[in-house]
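# Observations on the model geometry
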Amino acid sequence: MEILFFCPRWGQEAVDWDTFLHTVKQAGYNGVEASLPYDEKEKDLILNSLGKHDLQFIAQHYETSERDFDQHYKQFEKRLRNLATANPLFINSQTGKDYYSFEQNKQLIDLASAVTENTGVKILHETHRGKFSFAAHITAAYLEKIGDLRITLDISHWCNTAESFLHDQPEAVDLAISRTDHIHSRVGYPEGPQISDPRAPEWKEALDFHLQCWDKVVAKKRSENAARLTVTSEFGAPPYLPLLPYTKQPVVSQWDVNVFMMDLLRERYA
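The residue numbering used here restarts from 1 in each chain and proceeds along that chain's sequence as written. Residue-level local features of this predicted model are given only where pLDDT is at least 70; pairs of side-chain atoms are given and counted only at 80 or more, and the full residue set underlies all totals for whole chains, interfaces and linings. Based on all heavy atoms of the structure, the side-chain values leave hydrogens and waters out of the count.

## Focus: the overall build of the protein
By the criteria applied, helices consist of DSSP H or I runs no shorter than four residues and strands consist of E runs no shorter than two, each listed in order from the N terminus. On a plain count of helices and strands, the protein comes out with nine helices and eight strands. Radius of gyration means the value over C-alpha atoms here, while the globule rule gives 2.2 Å times the residue count to the 0.38 power. Against the 2.2 N^0.38 benchmark of 18 Å for 270 residues, the protein shows a C-alpha radius of gyration of 18 Å, consistent with a compact globule. Throughout, exposure labels follow a simple rule: accessible area from a 1.4 Å probe, protein chains only, divided by the maximum for the residue type, with under 20% read as buried, over 50% as exposed, and the rest as partly exposed. Across the 270 residues in the protein, those meeting the buried criterion constitute 52%. Two residues form a contact once any of their heavy atoms are found within 4.5 Å. When contacts within the protein are restricted to residue pairs at least 6 apart in sequence, those whose partners lie at least 24 apart make up 77%. To measure how exposed things are, a 1.4 Å probe is used in the Shrake-Rupley method; for residues, cover is taken only from the protein chains shown. Here the protein displays about 12,300 Å² of accessible surface, and carbon together with sulfur accounts for 49% of that area. Residues scored as positive are Lys and Arg, those scored as negative are Asp and Glu, and His as well as the terminal groups of each chain are ignored. Every charge is mapped to an atom, namely NZ of Lys, CZ of Arg, CG of Asp or CD of Glu. The positive charge centre, built from 29 side chains, and the negative charge centre, built from 39, are 3 Å apart in the protein.

Below, the structure is given as structure tokens:
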């Protein structure tokens, strides 16, 4: 099974695309995960740059934030269709709201399925605070009732939401792992969605828990003879990345941590 590693655009927005993608390629990534603008010229520039550097593309949706459900539904569809025009490997979507009802969030999931059917672009739904998938036990209900629902596993959010490493929710975690097609390899902990530095020994318990979950995803995919698994090293920029008080200097390099995560997992799953 081929495992492909992707770099987030998040945290690198100030760098022009050509320079960014050159650095991504030099670091050894297979591609980039990012959103796309509506402007066709800007979109073409990004996609042409990806082609120039021989990098693959995962489209990312996170922007839809309208509180009113009808407006949210319309904006969600508009953004998904815009991303689908780029013919990405797939779209990774932060979908819905934690305060929408099950039926409202299901309408959004069904809409994503309709966009997939219409465009041929697969859409995965990321486990994420503030979205329909904000907690392990809540997401389990969606997975149980929607048989074709596939997810991006970012289990760091669930550690934060549950204030634990989820050892009392193994059934929900295992169900999520069984429906995972993409991994965000950020490491969270009970008090936050991102530890400061996965290389530091004080975060061993947190890193080990996440590695155990990702190991299960990889093992399941291999048992199914899957052709490919994708991983995005998604340690985030501030405010996810802690800053020193007063000076506001980051306590660690976001870029270095993400490259470390890629290298760690590439060697682990070789």
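Once the structure has been displayed, the description carries forward.
## Let's talk about helix α1 (residues 17–27)
Buried within α1 we find Trp-17, Phe-20, Leu-21 and Val-24. Here the buried residues of α1 occupy an arc of 90 degrees about the axis, which is enough to place them on one side. Where the residues of α1 are buried, they touch β1 (2–8), β2 (31–34), α2 (40–52) and α9 (254–268). Counting of polar contacts relies on pairs of N or O atoms within 3.5 Å, with two restrictions inside protein: one atom must be capable of donating a hydrogen and the other of accepting it, and residues adjacent in sequence are counted only when both atoms are side-chain atoms. Between the side-chain oxygen at the start of α1 and the backbone nitrogen of Asp-18 there is a gap of 3.2 Å, and the oxygen is on Asp-16. Immediately beyond the C-terminal end of α1, within one or two residues, lies Gly-28, with a positive phi of roughly 105 degrees. Note: the arc covers the axis-to-C-beta directions of the helix.

## Quick word on the sheet that holds strand β7 (residues 180–184)
Within a sheet, adjacent strands bond to each other through the backbone by hydrogen bonds, running parallel or antiparallel. Two strands are counted as paired when DSSP detects at least two bridges linking them. An order of β1-β2-β3-β4-β5-β6-β7-β8 is seen for the eight strands of this closed barrel, with the pairing classed as parallel. Ignoring which end each strand starts from, the neighbouring axes of this sheet average 30 degrees apart. Of the strand pairs in this sheet, strand β4 (residues 91–93) and strand β5 (residues 123–126) are connected by three bridges, and their pairing is parallel. Looking across to β5, one finds that Asn-92 is bridged to Leu-124. Angular values range over 0 to 180 degrees, each being the angle between N-to-C directions of two axes fitted as lines to C-alpha atoms, with helices fitted over their stretch in contact. Packed onto the sheet, helix α8 (residues 204–223) meets β1, β6 (151–153), β7 and β8 (228–232) and runs at close to 145 degrees relative to β7.

## As for the pattern of salt bridges
Side-chain pairs of opposite charge can arise whenever the charged atoms involved come near each other. Salt bridge criterion: a side-chain nitrogen from Lys or Arg within 4 Å of a carboxyl oxygen from Asp or Glu. All told, the structure shown has 16 salt bridges when counted by the stated rule. Of the charged contacts, one joins Glu-224 and Lys-220 as a salt bridge, the two residues approaching to 2.1 Å between their closest N and O atoms. Note on Glu-224: relative accessible area 39%, which makes it partly exposed.

## Description of the packing of aromatic side chains
What counts as a ring pair is set by centres within 6.5 Å for rings of Phe, Tyr and Trp (its six-membered ring), and what kind of pair is set by the plane angle: stacked under 30 degrees, edge-to-face over 60, tilted for all other angles. Using the criterion set out here, one finds 10 aromatic pairs in the structure. Seen from their ring centres, Phe-69 and Tyr-73 are 6.1 Å apart, and the 55 degrees between their planes marks the pair as tilted. Here Phe-69 pairs with Tyr-73, and both are found in helix α3 (residues 69–84), just four residues apart, close to one helical turn. Placement of a charge over a ring requires the Lys NZ or Arg CZ to be within 6 Å of the ring centre, with the centre-to-atom vector within 35 degrees of the ring normal. Here Arg-9 stacks its cationic end above the ring of Phe-20, 4.8 Å away from the centre of that ring.

## Topic: the environment of Gly-96
In this fold, Gly-96 is placed in the loop between β4 and α4 (102–119). On the basis of relative accessibility, which here comes to 2%, the residue Gly-96 falls in the buried class. Spatially, the C-alpha atom of Gly-96 lies 9.1 Å from that of Phe-69, the residues being 27 residues apart in sequence. If near-sequence neighbours (up to four positions away) are discounted, Gly-96 is found in contact with His-72, Asn-105, Leu-108, Gly-130, Lys-131 and Phe-132.

## Let's talk about the pairing of strand β3 (residues 56–61)
Along β3, five of the six residues are buried, which leaves the element largely enclosed by surrounding structure. Alignment of β2 against β3, held across four bridges, turns out to be parallel. Looking at the pairing, Ala-34 lines up with Ala-59 of β3. Note that the unit made of β2, α2 and β3 has a crossover that is right-handed. Direction of pairing for β3 relative to β4: parallel, over a ladder of three bridges. Paired with His-61 across the two strands is Ser-93, which belongs to β4. For the handedness criterion, the strands are oriented away from the viewer, and a crossover whose path from the first strand over the helix to the second runs clockwise is classed as right-handed.

## Overview of the packing of helix α5 (residues 136–145) against helix α7 (residues 170–178)
It is at 9 Å that the axes of α5 and α7 come closest, and there the two elements cross at 50 degrees. As far as their axial angle goes, α7 and α5 are oblique. Remark: the crossing between α5 and α7 carries left-handed chirality. Counting all contacts with α5, which are made through Ala-136, His-137, Ala-140, Leu-143 and Glu-144, the residues of α7 involved are Ala-172, Leu-175 and Ala-176. Residues were grouped as follows: Ala, Val, Leu, Ile, Met, Phe, Trp, Tyr, Cys and Pro as nonpolar; Asp, Glu, Lys and Arg as charged; and all remaining residues, including Gly, as polar. Broken down by class, the residue content of the contact of α5 with α7 amounts to six nonpolar, one polar and one charged. Our angle categories are set so that under 35 degrees counts as roughly parallel, over 145 as roughly antiparallel, 65 to 115 as roughly perpendicular, and the remainder as oblique. Should the near helix be turned anticlockwise from the far one by less than a right angle, the crossing is termed left-handed; should it be turned clockwise, right-handed.

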